[in-house]
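This is what each chain is made of:
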Amino acid sequence: MSDTATPNVIRREDYAPPAFLIDTVDLEFDLVPERTIVKSTLAVRRNPDAKHAAHLELLGEQLEFIGAAIDGQPWEQVRAHEHGLSIENVPDSFTLTLTGACDPAANTTLSGLYVSGGNFFTQCEAEGFRRITWFLDRPDVMSTYTVTLRADKTSYPVLLSNGNLIAEGDLPDGRHYAKWEDPFRKPSYLFALVAGKLVALEERIQSGSGKEKLLQVWVEPHDLDKTRHAMDSLIHSIRWDESRFGLELDLDRFMIVAVSDFNMGAMENKGLNIFNTKYVLANPETATDVDFANIEAVVGHEYFHNWTGNRVTCRDWFQLSLKEGLTVFRDQEFSAAMSGGDENEAARATKRIEDVRVLRQMQFAEDAGPMAHPVRPESYVEINNFYTMTVYEKGAEVVRMYQTLFGRDGFRKGMDLYFQRHDGQAVTCDDFRAAMADANGRDLAQFEGWYSQAGTPRVSVTTHYDAAAKRYSVTLAQGYANGSPAARETQKGPLLIPFAIGLIGPDGQDLPLKLEGESQGAQAGATTRVLEVTEKQQTFTFVDVEAKPLPSLLRNFSAPVIVEYDYGNDELAFLLAHDSDPFNRWEAGQRLATRELLALAARASAGQPLETSDALVQAFSRVLTDTSLSPSFRELALMLPSETYLAEQMAESDPAAVHAARQFVRKRLATALKAEWLAAYQANLTPGAYEPTPEAAGRRGLKNLALSYLSELDDPADAVRLATAQYDAANNMTDRAAALSALMNASAATGAGYAKNALEDFYARFEKEPLVIDKWFSLQATQRGTAQRPVIDTVRALMRHPAFNLKNPNRARSLIFSFCAANPAQFHAADGSGYAFWAEQVIALDAINPQVAARLARNLELWRRFTPTLRDKMRAALEQVAARVKSRDVREIVEKALA
Ligand code: TRP
Ligand code: ZN
C-alpha cells in the first residue's frame, strides 16, 4: 500500500509525551441546536518531561473559531488550520480562553455534541472532544473539569454533566443553568453532557464504607417503565466490584442516560455513563432474556470502567486493551457470578461457552483477515476502527490467563498492586503486566507476546501411553497456520500458554494427576492441571496412570488458541457424555457436529447427495434427554455451530453449501428426535409471571430451541400449532419473538403463510417501541430465503418502509447489518445481489456516519477466502466502494481489504 493511499498512519513507536499539560478545564455551554457556543478556559503549563515547544498545538474539528485570549488579554498569534489551532509563542504557564461554535443539529456522525430526539448528548471517545472545543485531545492529558450548561428551560429542563451538581438556577428569557464539578482528574474522552426532557428512576444506596450514593437512570418519559432492570444491574455491579475487588464507587452520584442514536453499546464517561437505549430499556413485554442479560453485562462493563479505565486510564490509544480487555474480563466474571454464584462451575460454564463462541466466530476470523492486529496494535489510520474483537475479546482472554496462572487470589494481588501504583495515572499494558508479575513474584517477560503478536496460535497435541510403565506423555507444539500477511509480520517467539488438561479414565471418571519428577503431594487430588507451555515443543509426562486415558484438552478454554488433536468420533461422544469440565463437554459436541457438517458441506459443494451417519443424532439424543444437565447447558450443546463459523473452516468458504448442510442436519435432528423435542418443549414451559432469572431463561431457551427444530419438519403442523398458541399467549418478548421466528421458519420451508398474521400483529402491537421494531426488521432480514423468495427482495422493500431510518444506527443495524452479516446464505447469493446492496449502503452511510459505515465495510474483508465466483464479485464491490467513499474510517478498511 502506498503512503498516499493511506495517509497519516499513527504508530505506537512514535509516542511522545505532550509538550503542555492542562491542569483545569472550565467549560461554558450555551446550548442551541444549530449553533452552540462553547467557551473553554484552560490552565496550561509546559510539561517538564517533554521537549520544549514554542507553540501550543490544539486539535479541533468542525469548529467555528470566535476568539482566543491569554491571561485575559486577546491573543492574536493564533493560526486556525484543518486540524485545529496553533496558539503561537505562548508563555510557560498561562490561562487560555477559547470561544467557538459548533452545530449539534447537523451532526449525524454521533461523535462530539449532537442532537437525538430533540435532546443534546455527547460522545467523546476516542476523538470526539475535539469536535466540541480545541484541546490536547489525547488520553495522557488529564484535568479536572468544571462545566456550566445554559439552555432554554422548557425544551431542556434537565442539564447533566460529570461529577457533582454544585449550582443551578434561572436565567433571563426562559433560560436556566446548571454547574457541575468533577473532582477527579480525567482525560477529555471521559467528558460528557446531556440536556433535554428526561426523567429518572432514582435509588439511594450505601456503599461498602457506609457513604450515601444517589443512583439515577435517565430516559425519555415514556420509557420510565423500562428502567428497573438497569437499576438493579447497576446495584449488583456496585456490590460485586466491592466484594470481588474491594473497589468502591468514588462519586456521590452515578448517572446512566439512555439515547436512541448511538454508535456503539455504551460509554463510561465519569459519573455520567451514556448508553444506547438497547442496553438500558427492558420490561418483559419488550425485551428478551438475551436483552436482559446484555443489559446486565453492559451496565456492569461501564460501571467497572470507573476503576479500570477512568481512575487508571490509557497513556495512548495503542493501550486500549489495557482498559477494554480488562473491563470485558471483569464484566464476564460479573455475569458468570450473577448467573449462578461465584463458585458454581456448571452455571459459570454457560457464560464461558457463550463468550468463547463469540471469540472463535468473530475474533478468530478477524485474526485471519486483513485487519489482523495484536491486542496492542502497532499502527492505525483511524482509531475508531480498532475497537475490535481482538482488543476487547482476545484482550479479555489475555487478562483471564493471568488469573488462570495465579488463581483468583494471585490475580487480586496483581490488581491491588496495579491500583496502588497507578491510581490517577495514564499507563500502558506493560504496566499492568508488571503489576501482575511483581505481585506474584514471577517474570512475565515472555507473556508480552500475547500483546505483540497477531494471529491465532495453534497447539497441536500428540499423546503416548506406555502401559507397562504406566506413563502417559502429552507433547504440545505451538505455532501459527499460514494466516494473513498482517498477522505474520508480528509473529515471533513462542508464547507462554497456560494449557489446562485433565485425563479421563475408561469409566468416565477423572484420573488423579501426577507429573513426572513431582513430589507426592504437589497438587494431590487435583484432576485438572494447568501446564505452562513455554517452548515451541514440549512434552509433559504423567506417571502412575493406571489405564489408557482420554485427554481433556484446554479445559475451560484456558488460552485463546486452536487445539489440534485427532479425536475419534466415539471419543468425542465419550467426552460429551462424561467430561467433568462442562466447557469441554460442550466442546466435544461441537467438534462432532462441525466434523459432520463440514463433510456434508464438502459434498454439497461438489454437488453430491447428502447423507449422514447416526453418530451425531445419538449423541444429541443423549444430551437432549439427560435431565441431570441444566436446560441452558443442553440448549448450548444442541445448537449447531453457526453458518459463518462453518464457512470459515472450509478451505474455500461456500455459504450456500454450508447452508444446505446445516439445514440438512437440522431437519435430520428434528425428524429423528421429534418426540424428544416435543417432550422437551412441554417439560420446559415457564408458566406464571415472567422472571428474567438464569433458571427461567434457560428453560425458555431450551423450549424455544425445541420449537425451532420442530419448525424444520417437512410437516411442520406441530410447530405451527405450538408457535401460534405461544405467540398469542406470550407474556414476554422471549417467547413471542421465538414463536414468530418459528412461524417464519416453517413458512420459508414450505412456502406457506403461517407467519403473516403474527408478523403484522407484531408490528401493530409494538409500533411505539423502537427497540422492538428493530427486532421486527431484523427477524425479516435474517429469515431463511428460498430460490423463489430471495430475502434481498424483502430487505429492499423494507428499506422503503416508513419506519426505516438510515441515520439511526440501531435501525440501520437491524435491517442492513442483520442481512449482510447474519444471513450468509442469502447475502452471498451467487448473482452478487447482496454485494451490490452492501456497496450501496456503505457508500450511503459513509456520508452520514463514518463509524457505522466502517463497521459495515468490514463485512467483506474475508473475500479472498471464498469460492472464485464469489471472490470476484466481492472484489468488484470493494473496488466500487473504494472509489466512492470519503471518510478515513471506511478508506482504511477497504484499502486494507484490497491491498
Ligand atoms: N469505551 C466504550 C466501552 O467499551 C466504547 C466506545 C468507544 C464507544 N468508542 C465509542 C461507545 C464511541 C460509543 C461511541 O464501553
Ligand atoms: Zn469498554
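Only a predicted model underlies this, so the values are computations on that prediction, with no experimental measurement involved.

When helices and strands are tallied, the protein shows 27 helices and 31 strands. A compact globule built from 899 residues should have a C-alpha radius of gyration of about 29 Å, and the protein, at 28 Å, falls within 12% of that. For the protein, the spread of C-alpha atoms along the three principal axes comes to 90 × 70 × 60 Å. The buried share of the protein, reckoned over its 899 residues, is 58%. A fraction of 70% describes how many contacts in the protein between residues 6 or more apart in sequence connect residues 24 or more apart. About 33,900 Å² of surface is accessible on the protein, with carbon and sulfur atoms providing 50% of the total. If the 95 positive side-chain charges of the protein are averaged to one point and the 120 negative ones to another, these points end up 2 Å apart.

Close to ligand 1 lie 14 residues; Glu125, Glu268, Glu302, Glu324 and Tyr392 are nearest. The contact in question runs from a nitrogen atom of ligand 1 to an N or O atom on the side chain of Glu125, over 2.5 Å. A distance of 3.4 Å is found between an oxygen atom of ligand 1 and a side-chain nitrogen or oxygen belonging to His301. Compared with its free state, where it exposes 370 Å², ligand 1 has 97% of that area covered by protein. Of all the secondary-structure elements, those providing two or more residues to the shell around ligand 1 are strand S20 (266-267), helix H2 (289-304) and helix H3 (320-338). Tallied by class, residues from the shell around ligand 1 come to six nonpolar, three polar and five charged.

The next subject is the coordination of the zinc ion (ligand 2). Every protein donor of the zinc ion (ligand 2) is listed here as His301 (NE2), His305 (NE2), Glu324 (OE) and Glu324 (OE), and their distances to the metal cover 1.9 to 2.8 Å. Around the zinc ion (ligand 2) sit six donor atoms; with metal-centred angles ranging over 47 to 161°, the donor geometry is irregular. Mapped onto the sequence, the residues coordinating the zinc ion (ligand 2) show the spacing H-x3-H-x18-E. Pair noted here: His305 is in the loop between H2 and strand S22 (313-314) and Glu324 is in helix H3, with a separation of 19 residues, a long-range link. Here His305 falls in the buried class, since its relative accessible area comes to 0%.

In this section: the sheet that holds strand S3 (residues 36-46). Read from one edge of the open sheet, eight strands run S6-S5-S9-S3-S2-S12-S15-S14, paired in mixed fashion. Looking at which strands have only one partner, the edges of the open sheet turn out to be strand S6 (73-74) and strand S14 (164-171). By the bridge criterion, ten bridges tie strand S2 (residues 20-30) to S3 in an arrangement that is antiparallel. Residue pairing for S3: Val25 is matched across the bridge by Leu42.

Our focus in this paragraph is the pairing of strand S9 (residues 93-102). Burial of S9 is extensive: seven of the ten residues sit out of reach of the surface. Here strand S5 (residues 64-70) runs beside S9; their pairing, made up of six bridges, is antiparallel. Considered in S9, the bridge of Ile70 is made with Leu96.

Going through the model one piece at a time under the given rule, you end up with 70 salt bridges. Note that Asp30 and Arg150 form a salt bridge whose closest N and O atoms lie 3.1 Å from each other. You can see Asp30 sitting in strand S2 and its partner Arg150 sitting in strand S12 (residues 142-152), a full 120 residues away along the chain. Measuring nitrogen to oxygen at the nearest pair gives 3.3 Å for the salt bridge that ties Arg376 to Asp430. Taken together, the positions of Arg376 in the loop between helix H4 (345-367) and strand S23 (379-380) and Asp430 in helix H6 (residues 429-439) put the pair 54 residues apart, joining distant regions of the chain. Connected through salt bridges with shared partners, the residues Glu28, Asp30, Arg150 and Arg175 form a single ionic network.

As a packed pair, helix H10 (residues 582-605) and helix H14 (residues 655-672) sit with axes 8 Å apart at the nearest point and diverge in direction by 125°. Considered as vectors, H10 and H14 are oriented oblique to each other. For the pair H10 and H14, the crossing hand works out as right-handed. Along its contact with H10, which presents Leu597, Leu600, Ala601, Ala604 and Ser605, the element H14 presents Ala657, Val658, Ala660, Ala661, Arg662, Phe664 and Val665. Residue composition of the contact of H10 with H14, by class: ten nonpolar, one polar and one charged.

On to the sheet that holds strand S19 (residues 253-259), then. Strand-to-strand pairing in sheets goes through backbone hydrogen bonds, with the strands running parallel or antiparallel. The sheet built from five strands is open, its strands ordered S17-S18-S19-S21-S20 with mixed pairing. Of all the strands in the sheet, the pair left with one neighbour each is strand S17 (199-206) and S20.

Within the secondary structure, Ser818 is located in helix H22 (residues 809-822). Once the C-alpha coordinates of Ser818 and Ala781 are considered, the two residues, 37 residues apart in sequence, prove to be 5.8 Å apart. Contacts of Ser818, omitting those with residues within four sequence positions, involve Ser778, Ala781, Thr782, Arg813 and Asn823.

Once that is clear, we can look at the confidence of the model for the protein. Summarising the model, the protein shows a mean pLDDT of 97, and 99% of its residues fall at 70 or more. Counted against residues more than four places away or in other chains, residues 1-6, with its pLDDT under 50, gives eight contacts.

Of the two faces of S3, the one lined by Thr36, Val38, Ser40, Leu42, Val44 and Arg46 is fully buried and the one lined by Ile37, Lys39, Thr41, Ala43 and Arg45 carries no buried residue. Remark: five residues form the turn of the hairpin made by S2 and S3, two consecutive strands paired antiparallel. Judged from the ten bridges that link them, S3 and S9 form a sheet pairing that is antiparallel. Counterpart to Ser40 in the pairing with S9 is Leu98.

Glancing now at the state of the cysteines. Within the structure shown, the criterion is met by zero disulfides. Here Cys102 stays free of any disulfide, with the sulfur of Cys124 as its closest cysteine sulfur at 11 Å. Take Cys429: it sits in no disulfide, and the sulfur closest to it among the cysteines is that of Cys314, at 7.3 Å.

In this structure, Ala126 follows Glu125 across a cis peptide bond, with omega equal to -5°. Structurally, Ala126 can be placed in the loop between strand S11 (119-123) and S12. The backbone phi angle of Asp173 is positive, close to 65°, even though this residue is not glycine. Among the secondary structure elements, Asp173 is positioned in the loop between S14 and strand S15 (175-187). The phi dihedral of Leu554 is positive, around 55°, even though this residue is not glycine.

Procedures and definitions
Residues numbered from 1 in each chain as written. Chains lettered and ligands numbered in written order. Predicted model: local features only at pLDDT ≥ 70, side-chain atom pairs only at ≥ 80, totals over all residues. Heavy atoms only, no water. Helix = DSSP H or I, 4+ residues; strand = E, 2+ residues; numbered from the N terminus. Rg over C-alpha atoms; globule rule 2.2 N^0.38 Å. Buried < 20%, exposed > 50% of the residue type's maximum accessible area, 1.4 Å probe, protein only. Contact = heavy atoms within 4.5 Å. Areas by Shrake-Rupley, 256 points an atom, 1.4 Å probe, with all protein chains shown as cover. Lys, Arg positive; Asp, Glu negative; His and termini not counted. Charge placed at Lys NZ, Arg CZ, Asp CG, Glu CD. Near = heavy atom within 4 Å. Polar contact = N/O pair within 3.5 Å; in protein donor to acceptor, adjacent residues only side chain to side chain. Nonpolar A, V, L, I, M, F, W, Y, C, P; charged D, E, K, R; others polar. Donors = N, O, S within 2.8 Å, 3.2 Å for Na, K, Ca; no water. Tetrahedral: all angles 85-135°; square planar, octahedral: opposite > 155°, others 65-115°. Pairing = 2+ DSSP bridges. Salt bridge = Lys/Arg side-chain N within 4 Å of Asp/Glu carboxyl O. Axes fitted to C-alpha atoms, helices over the stretch in contact; angles between N-to-C directions. Parallel < 35°, antiparallel > 145°, perpendicular 65-115°, else oblique. Left-handed = near helix turned anticlockwise from the far one by under 90°. pLDDT = per-residue confidence, 0-100. Disulfide = S-S within 2.5 Å.

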